[in-house]
Amino acid sequence: MTSRLVGWVDDRLGTARFTRRVLNKVFPDHWSFMLGEVAVYCFIVLVVTGTFLSFFYEASPQTTVYSGSYDPLTGVEVSRAYASALNLSFDVRAGLFIRQMHHWAAVVFVAVLSLHAARVFFTGAFRRPRELNWVIGASLLLLALVNGFTGYSLLDDQLSGTGLRIGYSVVLSVPVVGTWLVSLLLGGEFPGPDLLSRLFVLHIMIVPALITGAVMAHFVILIRQKHTQFPGPGRTETNVVGLRLWPTYAAKAVGLFFLTAAVLAALAGLVQINPIWLFGPYRVADVSAAAQPDWYMGWLEGAQRLMPPFEIHLFGYEIPNPFFPGVLLPAVTFLLLFAWPWIEARVSGDNTEHHLLDLPSDQPIRTALGVGAIAFYGILFLAGSTDVIAVWAHISVNVLVRILQVAVIVVPVAAALVTKRACRRRRQLRAAAMGPKVPT
Amino acid sequence: MSAVPGIAFGVAVASAAGLAVVFWTGGDTRLEGVLLAAALGGLGVGIIAMAKLWLRDELDTEDRGLLASTEDDRLEARVLVEAGNEPLKGRRRALQLMVAALGALGAALVFPVRSLGPRPAGGLRSTPFRSGGRVVTADGLPVKADAIPIGGELTVFPEGHTLAADAPAVLVRVEARLLNLPDERQAWTVDGLVAYSKICTHAGCPVGLFEAESGLLLCPCHQSTFDVLNGAEPTFGPAARKLPQLPIAVDGEGFVIATGDYSEPVGPGFWDRT
């Protein structure tokens, strides 16, 4: 029966030829190569759960009186958006579970993407001929951040509404065109009548379409160029050693998808995330202490908190403070990220094709810079929670801010120097163990 | 060992059945999580166990081949494209007009973007506060001046505009002799009662925390701190400008009224704010 069906399809599409070629492809096997895979699986979970949620969510700031099952908010005037989120959480079967699975998947998605990017960076997999895929990957990271932020901001709760207000001020701070950009996004002054519906379109249509396209391009390039591999017995720059796609690699990949989804399901059912009913609906004049964005925004939040009160005033125009940590910092960050393959190629003078990966210690300078960068953004992440840390550690938040303002400069430099030294050491030990034939 | 796939799939089947029952009987978030995790996990463990136990795990080698096309291919490709373009070689004028048409159309198509919204610059410079209007709380109730003790703090709005995002003000009472304001601004206070914009001049969060002993207003978002006694000058954190002051007075019946709009545009800065 199946062979008849397969024959029918092949008669029209010639699929057997394609199948022969693709099923034989060899994929190198290393645990760190699974990170990108897990990211894709998170995205699949996001799309599936997100589709369900989109049937219930209302992107409307019009007010309504809440009358659902959550008693503490009965009779309170809230936006229809917030009411629809409460409805999902309390009056739709499996609604809370799917909402939480969606949110956990988003949080894990960005985390795994970051780990994957770090793996690619520290093993030099971005070098020629994979510069384009690196740029596509960096774009994916940026798109994931945007979709995460727009996603949790749709619910119009007190916490995410505060974040939107900060975001608005950051966009407003852009020189010359800030007020125009804000009108594009909001249709007017904050909060604007169109903010939620435009965020909704961005979140469910525009950005997911871009992510899907970018992931497909990422895959096609990967298949065309074949995956990189670590050096080892029998592995050269001109071959790939690993498992054939069919059956073993495909089976493991499918199994990993189910395991990833299983972990997300367990988190969704057992670990509460984003309890918007506790935050309450967004009120423009209200705010609470210990307001924290989702984890991946922490570096931007920390940068805002550490930034000294510096503004530029020129000829009656101004560039206000939030511009520097809110626009300039991420712009420079992503610019450096996008340009890295070319920066490294220029500085190292190495423009040859590479299909064998570096061990991080093989490249002390790159690894040191990477560790320094991680330390820098890590301190910014810490700085994003100064009030929380101050309470927990019983120290003054003012003192903590001063400490971190110094640390954010000193620690990355120290970390980079220590790392460079450790890499050099590691290389020497490895060379000594392998004998005098191997050049360092 | 070879029983693992069977057991794993068995667990998955049972969990999926359980999940169906849970859905049927109204749902329960924790059970949904555990059962779905077990169903998915059972499938995952089973498939991976099958692969490790019974599928071929020898390593194979595949030649990478060359990524770049051969010189011949590149040449052929270029020849193909150029041969196709050949007839247009002498038609420069037509080609230039085509490019001009594409450019003009592209430029025209940008205009609908303008419909996305009015530039908010006008609205950014004023709030609904007007001279003579009573201030009200979020519930719309007017405020008796002597209801606020020293150290007291209240969030107020213009009457009829309790939802205006740029309007909220912090009304605080400090000891009058401690207020250190220039004379024109002193006239904007009443017996230690002073009002500033609640919208932080850094990134727009409500400056919601008042520490009465030190007379400091603290914004919880990025810890900008403003000195109430000295015209809400920023003393810590990233805010670079003081909170705009709202001129207030007390009317004949003892209610707090505004006597004008804020001293300058409220909230975070923008390019042409001044």
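Residues numbered from 1 in each chain as written. Chains lettered and ligands numbered in written order. Predicted model: local features only at pLDDT ≥ 70, side-chain atom pairs only at ≥ 80, totals over all residues. Heavy atoms only, no water.

Caption draft 1: Here's a closer look at the state of the cysteines. Residue and element names in this part refer to chain B. Going through the model one piece at a time under the given rule, you end up with one disulfide over all chains. In this model, Cys205 is linked to Cys221 through a disulfide, with the two sulfur atoms separated by 2.1 Å. Because the torsion about its S-S bond is -90°, the bridge between Cys205 and Cys221 counts as left-handed. Of this pair, Cys205 sits in the loop between β5 (193–197) and β6 (209–211) while Cys221 is found in the loop between β7 (216–218) and β8 (225–227), placing the two residues 16 residues apart along the sequence. Pair check on accessibility: Cys205 and Cys221 agree, each one buried. Lacking any disulfide linkage, Cys219 is separated from the closest cysteine sulfur, that of Cys200, by 3.9 Å. (Disulfide = S-S within 2.5 Å. Helix = DSSP H or I, 4+ residues; strand = E, 2+ residues; numbered from the N terminus. Buried < 20%, exposed > 50% of the residue type's maximum accessible area, 1.4 Å probe, protein only.)

Caption draft 2: Region of interest: the sheet that holds β6 of chain B. Residue and element names in this part refer to chain B. Ordered by their spatial adjacency, four strands build an open sheet running β6-β7-β8-β9, and the pairing between neighbours is antiparallel. The sheet is open, and its two edges are formed by β6 and β9 (233–236), each paired on a single side. Geometrically, the sheet is characterised by an average inter-axis angle of 30° between neighbouring strands, direction not taken into account. Judged from the three bridges that link them, β6 and β7 form a sheet pairing that is antiparallel. Its bridge partner being in β7, Glu211 is matched across the sheet by Leu216. (Pairing = 2+ DSSP bridges. Axes fitted to C-alpha atoms, helices over the stretch in contact; angles between N-to-C directions.)

Caption draft 3: Inspection of a negative patch on the surface at higher detail. All names here are of chain B. Negative charge collects at one region of the surface, where Glu71, Asp72, Asp73 and Glu76 lie side by side. Within the fold, Asp73 resides in helix α3 (residues 71–85). According to the relative accessible area criterion, Asp73 is partly exposed, its value standing at 48%. (Patch = residues over 30% accessible without salt bridge, like charges linked within 9 Å, V, L, I, M, F, W, Y side chains within 5 Å. Areas by Shrake-Rupley, 256 points an atom, 1.4 Å probe, with all protein chains shown as cover. Salt bridge = Lys/Arg side-chain N within 4 Å of Asp/Glu carboxyl O. Lys, Arg positive; Asp, Glu negative; His and termini not counted. Charge placed at Lys NZ, Arg CZ, Asp CG, Glu CD.)

Caption draft 4: Examining the environment of Tyr282 of chain A more closely. Residue and element names in this part refer to chain A. Position of Tyr282 among the secondary structure elements: in the loop between α11 (276–279) and α12 (298–306). Between the C-alpha atom of Tyr282 and that of Ser79, which follows or precedes it by 203 residues, the distance is 8.5 Å. Once you skip the residues sitting within four places of it in the chain, Tyr282 turns out to touch Asp156, Asp157, Gln158, Gly161, Thr162, Arg165 and Phe190. (Contact = heavy atoms within 4.5 Å.)

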